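Okay, here's what each chain looks like letter by letter:
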Amino acid sequence: SAKSAGRDGYRFFDAAMTEAADERLRLEADLRQALKRGEFVLHFQPKIASPSKRVVGFEALIRWLRPDGTLIAPGRFIPLAEETGLIGAIGEWAMHTACQTLRRWREAGLCNLSMSVNLSARQLRNPALIVQVKRALAESGIPPGLLEFEITESVAMEDPSRTIGSLRALKALGLVLSIDDFGTGYSSLAYLKLLPIDRLKLDRTFVTDIETDPNDAAICAATIRLAHTLGLSVVAEGVETQAQAAYLAGLECDEMQGYYYARPLPEAEARHFIVHGLNCGEPMI
Ligand code: C2E
Ligand code: MG
Ligand code: MG
Ligand code: MG
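First things first, this report covers the structure right here in the doc. Bear in mind that the values here come from a model prediction, so they are computed numbers and not experimental data. (Residues numbered from 1 in each chain as written. Chains lettered and ligands numbered in written order. Predicted model: local features only at pLDDT ≥ 70, side-chain atom pairs only at ≥ 80, totals over all residues. Heavy atoms only, no water.)

1. Overview of the coordination of the magnesium ion (ligand 3)
Summarising the metal site, the magnesium ion (ligand 3) is bound by the protein donors Asp-180 (OD), Asp-181 (OD) and Glu-237 (OE), whose distances to it range over 1.7 to 2.4 Å. The distance between the magnesium ion (ligand 3) and the magnesium ion (ligand 2) comes to 3.7 Å, with Asp-180 serving as a donor to both metals. Judged by its relative accessible area of 5%, Asp-180 falls in the buried class. The class of Asp-181 is partly exposed, set by a relative accessible area of 24%. (Donors = N, O, S within 2.8 Å, 3.2 Å for Na, K, Ca; no water. Buried < 20%, exposed > 50% of the residue type's maximum accessible area, 1.4 Å probe, protein only.)

Below you can see the structure in the form of structure tokens.
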């Protein structure tokens, strides 16, 4: 009958839901284990200043290295970590590890490099964040001005009054703050002016076709001009070609980051990059 078909329909739906829920629970348990077993690693992607072409800092990007050797991208586990609250512990690990890495580089004589760490909404709202940051700084001895937090535009605009409070507290510690993926969210420019930030990271979506799409070129040019007028510097994300780098340099973009220079690198390779550069013999910008 129609009734039992309906019931079967529900039963099928329930089974699919249960399976999805089981899968999530499994992944959540796996993430917990991964943290305990030390399966997370950071890779480091350099930022190159323009026009000096110097490596001025790195962004720490998390990966999950499974015992079988597979490397899992953050896009596949950070969202669940955010939903479940595990991002608190994972994010603290990332911040601590990034600071310790910079400490080792500094001890090896590789000085004046900055290190940036991505911060999610939940971390920004956590009142314990300030204590965690102070501890990471104290344990590594790195100057606060060399530690940078990247907060996505959508997170920054989420809960204005609360965000401003958290950012002010971080700023009071002397950290550098930047807005990540700028241009993809819904920034109110009036509000942007009120945020105690130092830098904008121009999203990769505007960089990709900068030479061929006049709209993207105009967005990049206007963003860089706006940022400079507000006293902010600009980092371009996703620079993959020499032509893109040259175009952005012409717009006076302050720093570049992308596969053209280097992919996110394991620590040893990042260190090699600092010491030897790209070594490709071509002009980098
Ligand atoms: P994001 O902070 O905007 O990082 C930039 C992403 O673009 C990275 O992906 C990077 O590998 C990639 N990328 C860099 N240059 C290029 C390029 O030239 N071309 C292309 N196609 N891609 C490029 P990844 O490492 O997969 O990270 C994705 C996102 O995961 C990050 O976006 C960030 O939002 C988040 N994430 C990474 N690590 C952490 C972390 O420790 N904590 C938190 N909360 N989020 C993190
Ligand atoms: Mg980032
Ligand atoms: Mg970004
Ligand atoms: Mg991005």
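2. Focus: the packing of helix H3 (residues 87-107) against helix H5 (residues 129-140)
At a closest axis distance of 9 Å, the pairing of H3 and H5 adopts a crossing angle of 25°. Overall, the two elements H3 and H5 adopt an arrangement that is roughly parallel. The handedness of the crossing between H3 and H5 comes out as right-handed. Contacts from Glu-92, Met-95, His-96, Cys-99, Gln-100 and Arg-103 in H3 reach Gln-132, Val-133, Arg-135, Ala-136, Glu-139 and Ser-140 in H5. (Axes fitted to C-alpha atoms, helices over the stretch in contact; angles between N-to-C directions. Helix = DSSP H or I, 4+ residues; strand = E, 2+ residues; numbered from the N terminus. Parallel < 35°, antiparallel > 145°, perpendicular 65-115°, else oblique. Left-handed = near helix turned anticlockwise from the far one by under 90°. Contact = heavy atoms within 4.5 Å.)

3. Examining unusual backbone geometry
Looking along the chain, the bond that leaves Ser-50 and enters Pro-51 is cis, with omega of 5°. Structurally, the position occupied by Pro-51 is in the loop between strand E1 (40-49) and strand E2 (55-65).

4. Let's talk about helix H12 (residues 267-276)
Restricting attention to buried positions, one finds in H12 the residues Ala-270, Phe-273 and Ile-274. The buried residues of H12 occupy an angular sector of 100° when the element is viewed end-on, so they sit on one face. The exposed residues of H12 that point more than 90 degrees off its buried face are Ala-268 and Val-275. Buried residues in H12 make contact with E1, E2 and H3. Gly-277 sits one or two positions beyond H12 and adopts a positive phi of about 65°. (Arc of directions from axis to C-beta.)

5. Brief notes about the site of ligand 1
Of all residues adjacent to ligand 1, which total 21 residues, the nearest are Arg-63, Asn-118, Asp-180, Glu-240 and Tyr-259. With respect to ligand 1, the side chain of Arg-204 contributes an N or O atom lying 3.3 Å from a nitrogen atom. Within the backbone of Tyr-259, one N or O atom sits 2.8 Å away from an oxygen atom of ligand 1. Secondary-structure elements contributing two or more residues to the shell around ligand 1 are E2, H3 and strand E6 (176-182). Ranked by residues supplied to the shell around ligand 1, first place goes to E2 with four residues. The residue makeup of the shell around ligand 1, split by class, is eight nonpolar, six polar and seven charged. (Near = heavy atom within 4 Å. Polar contact = N/O pair within 3.5 Å; in protein donor to acceptor, adjacent residues only side chain to side chain. Nonpolar A, V, L, I, M, F, W, Y, C, P; charged D, E, K, R; others polar.)

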